[in-house]
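Tertiary structure, described
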Amino acid sequence: MVRPDRESIIKFFRLATLSFASFVPAYGVLRISGLFTAQTTTLIRVLHELSPQIALLLFIVAVVCSIALEWGVSAEKSLLYLRMGLIIMAAGLILSSFVRMEGKIILTEGQTFSGTAAEYVDSTLYLGKMARLPRFSLEAGAVSHSERTEFSFGGGDAVSASYRYGESPVRQIAVRSAFPTFSDGLRLKVVRFGYSPRYRISGQDNEVLEESFVSLGVFPPGNEDSFGVLSLPHVFYLRYYPSGIDEGSGNKDGAGVASKPQFFLRLTRNYDILFRGPVRLHEVIRFEREGISFEEVRKWVELSVVRDYGMTLFFAGCFLVSISLVIRYRPGEKSAAANRAPTGGHQL
Amino acid sequence: MKHAQIACLTGCVVALIAVLAVTPGSWTYYRFKTDRYDYASEAEALGASVKLFGATMAGFYMTGGNPEGLNSFPANPLVKRRVFMDLNGLLMSKQIFVMDRDTRELRDLVFLSPVHAVVVTDENWFFAYQDAETRRPLSTKKFSKLTIRYYMKKKWGKWIVMDYDVFDREDTLPPLLKEKILQW
């Protein structure tokens, strides 16, 4: 039999545990609901903020106190596993705030990612309080794209790459959009696909002034994206049609020019539209003192890179919670629990 | 059981208070999402900003880059840089680019958040080149029928142009990339 004042303390810690357990998901949902902000962040990052982290810590303290106070009184193993699982889940979320690393990188066929912070897509790189950038490199090989239907498994986008982590030997991996690739604690997944045309800016005497690949969101065909060049005030709006734009007139020009135009270009300088029309591969469009041409098109993919050992712990806790529920609600367990010393039943 | 419900409710209420306290502009966003936002006066302010943007930019080109009015030019520093890069290029070739607006009509206005909006206007402009010293015309007047999509953000109490896309009147406007705009 538990003494009344001890029972009050146990009840207090149970209720405190419920309060903290309610606070964390409520805070997360309210923050990402979009009701109070522009909703540009993820649930995991929200749970890394100070308020939920303090609530998680207090939750762990409250549960540990509950376990300590009820030690030897309650004989329910499932309750102990449940509490342990919840502690591990909370600890995993706290650990995640320290060690999580996530970001997005864009890989064009044939290009290499070296692992520096500058190579991650702007504003996507997130590092926990003590997290470091993973030391890995990727050299993109071929990118493939195939349409996924509702009932197909696989398909979608994929890139084969030469992957190297730290000083380990290089090996070939395939990263897909259908399911993530796990390697050296990293989770890699293709999230977007597009085309990278190689543009060339030439001067009045056709000397090359600037040449580079630019990753554009011009997929599916007909989608428009724009890019600029630091040295020019112009903006280039481009659409790409891999199978060509049907002009009806076929080949207009001689050697070095594709039979059908594959691009639709709109070239502006502030409010003035200097050029608007179809463009063939290698065709030079002259504007003022410069010219632009598109020499080549490659595919690109955007990869999501995540490393979070805290979430591994979180899922381990989820597994333990599941085990406790299976033990608690397995046939025969309910009546056996009812015959044990009364301690409060379903409470935390 | 009643105490358990009160404990859960307390946790949720404290979470709500924490969200309101922690999130910048939370009350303004809440009013925006629940249609308590003053759309009419903000739309008027947006229209005035777009008008000032066009007029000031035309003034820069007409004067060959006189920076008077730069402080009141409602534009992102990157937009200002683009404009003055162009002006420098014209000056080096001893030319002035004259812009004269004929008409402007509002086609669409979308609020993405209390501080992000997209304004689409149909504008008719006349463009011409002149010699910088003598103002002698170097080209015929070019009449352009444009559709311009302005990406606006409210900063320090006023709406400024973060970027803009210029389309021909016949072009189909591509869909808005809301996530990209909200990150500005």
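Residues numbered from 1 in each chain as written. Chains lettered and ligands numbered in written order. Predicted model: local features only at pLDDT ≥ 70, side-chain atom pairs only at ≥ 80, totals over all residues. Heavy atoms only, no water.

So, on to the nonpolar core. In terms of nonpolar packing, the biggest core is built from 42 residues, with Leu138, Phe236, Ile292, Phe294 and Leu303 of chain A touching the most fellow members. Per-element tally for this core: the top contributor is strand 8 (residues 186-202) of chain A, with seven residues. Built from parts of two domains, this core gets at least three residues from each of domain 2 (102-194 + 302-307) and domain 3 (196-298) of chain A. Once you skip the residues sitting within four places of it in the chain, Leu138 of chain A turns out to touch Ile105, Leu107, Gln111, Thr112, Phe113, Ala161, Ser162, Tyr163, Ile173 and Leu303 of chain A. Of all hydrophobic cores here, the second largest spans 34 residues; its members include Ala58, Leu90, Tyr150 and Met152 of chain B. (Core = buried A, V, L, I, M, F, W, Y, C linked by side-chain atoms within 4.5 Å. Buried < 20%, exposed > 50% of the residue type's maximum accessible area, 1.4 Å probe, protein only. Helix = DSSP H or I, 4+ residues; strand = E, 2+ residues; numbered from the N terminus. Domains from an automatic or database assignment. Contact = heavy atoms within 4.5 Å.)

A few words now on the domain arrangement of chain A. All names here are of chain A. Under the domain assignment used here, chain A contains domain 1 (6-100 + 310-338), domain 2 (102-194 + 302-307) and domain 3 (196-298). Contacts between the two partners involve nine residues from domain 2, matched on the other side by six residues from domain 3. Regarding the contact of domain 2 and domain 3, the summed buried area is about 650 Å², with carbon and sulfur atoms giving 60% of it. Per-residue buried area on domain 2 facing domain 3 is highest for Thr108, Glu109 and Gly194; these three make up 54% of the total on that side. The interface formed by domain 2 and domain 3 contains two residue pairs in polar contact (both at pLDDT 80 or more). Residue assignment for the side of domain 2 that touches domain 3 shows that the elements contributing at least two residues are strand 1 (101-108) and strand 8. Looking at side-chain class alone, the side of domain 2 that touches domain 3 contains two nonpolar, five polar and two charged residues. (Buried area = accessible area lost by both parts, 1.4 Å probe. Polar contact = N/O pair within 3.5 Å; in protein donor to acceptor, adjacent residues only side chain to side chain. Nonpolar A, V, L, I, M, F, W, Y, C, P; charged D, E, K, R; others polar.)

Moving on: the sheet that holds strand 13 (residues 272-279) of chain A. All names here are of chain A. Spatially, 10-11-12-13 is the arrangement adopted by the four strands of the open sheet, whose pairing is antiparallel. Taken across any chain shown, the strands that pair with only one partner, and hence form the sheet edges, are strand 10 (224-228) and strand 13. In this sheet, adjacent strand axes meet at a mean angle of 20° when their direction is disregarded. Sheet topology note: the strand 10/strand 11 (residues 234-240) ladder contains five bridges and is antiparallel. Residue pairing in the sheet places Asp225 in a bridge with Leu238 of strand 11. (Pairing = 2+ DSSP bridges. Axes fitted to C-alpha atoms, helices over the stretch in contact; angles between N-to-C directions.)

All names here are of chain A. With the rule as written, the count across this model stands at 26 salt bridges over all chains. The salt bridge partner of Arg171 is Asp184, with a shortest N-O separation of 3.4 Å. You can see Arg171 sitting in strand 6 (residues 171-176) and its partner Asp184 sitting in the loop between strand 7 (181-183) and strand 8, a full 13 residues away along the chain. Judged by its relative accessible area of 38%, Asp184 is partly exposed. Close ionic contact of Arg239 with Glu224 constitutes a salt bridge, the shortest N to O distance being 3.2 Å. In this pair, Arg239 sits in strand 11 while Glu224 sits in strand 10, placing the two residues 15 residues apart along the sequence. The burial state of Arg239 is the same as that of Glu224; both residues are buried. Here the residues in one salt-bridge network are Arg198, Arg200, Glu211, Glu295, Glu296 and Arg298, joined through shared partners. (Salt bridge = Lys/Arg side-chain N within 4 Å of Asp/Glu carboxyl O.)

Residues and elements named next belong to chain A. If you trace the backbone, Arg45 turns up in helix 2 (residues 43-47). Assessed through its relative accessible area of 21%, Arg45 is described here as partly exposed. Remark: the alpha-carbon pair of Arg45 and Arg176, spanning 131 residues in sequence, is separated by 24 Å. Here the side chain of Arg45 touches Thr124 through a polar contact of 3.3 Å, landing on its backbone oxygen.

What follows concerns the packing of helix 3 (residues 39-62) of chain B against helix 4 (residues 77-92) of chain B. Residues and elements named next belong to chain B. Two numbers describe how helix 3 lies on helix 4: the axes approach to 10 Å, and their chain directions differ by 25°. Regarding the angle of helix 3 to helix 4, the classification is roughly parallel. Seen along the crossing, helix 3 lies across helix 4 with a hand that is right-handed. Of the residues in helix 4, those touching helix 3 at Phe53, Met57, Phe60 and Tyr61 are Val79, Val83, Phe84, Asp86, Leu87 and Leu90. (Parallel < 35°, antiparallel > 145°, perpendicular 65-115°, else oblique. Left-handed = near helix turned anticlockwise from the far one by under 90°.)

All names here are of chain B. Under the domain assignment used here, chain B contains domain 1 (1-37) and domain 2 (38-182). For domain 1 versus domain 2, the distance between C-alpha centres works out to 40 Å. Between domain 1 and domain 2, the residue contacts involve six residues of the former and nine residues of the latter. Here domain 1 and domain 2 share an interface that buries about 690 Å² over both sides, 63% of which is from carbon and sulfur atoms. Summed over the shared surface of domain 1 and domain 2, the number is zero salt bridges.

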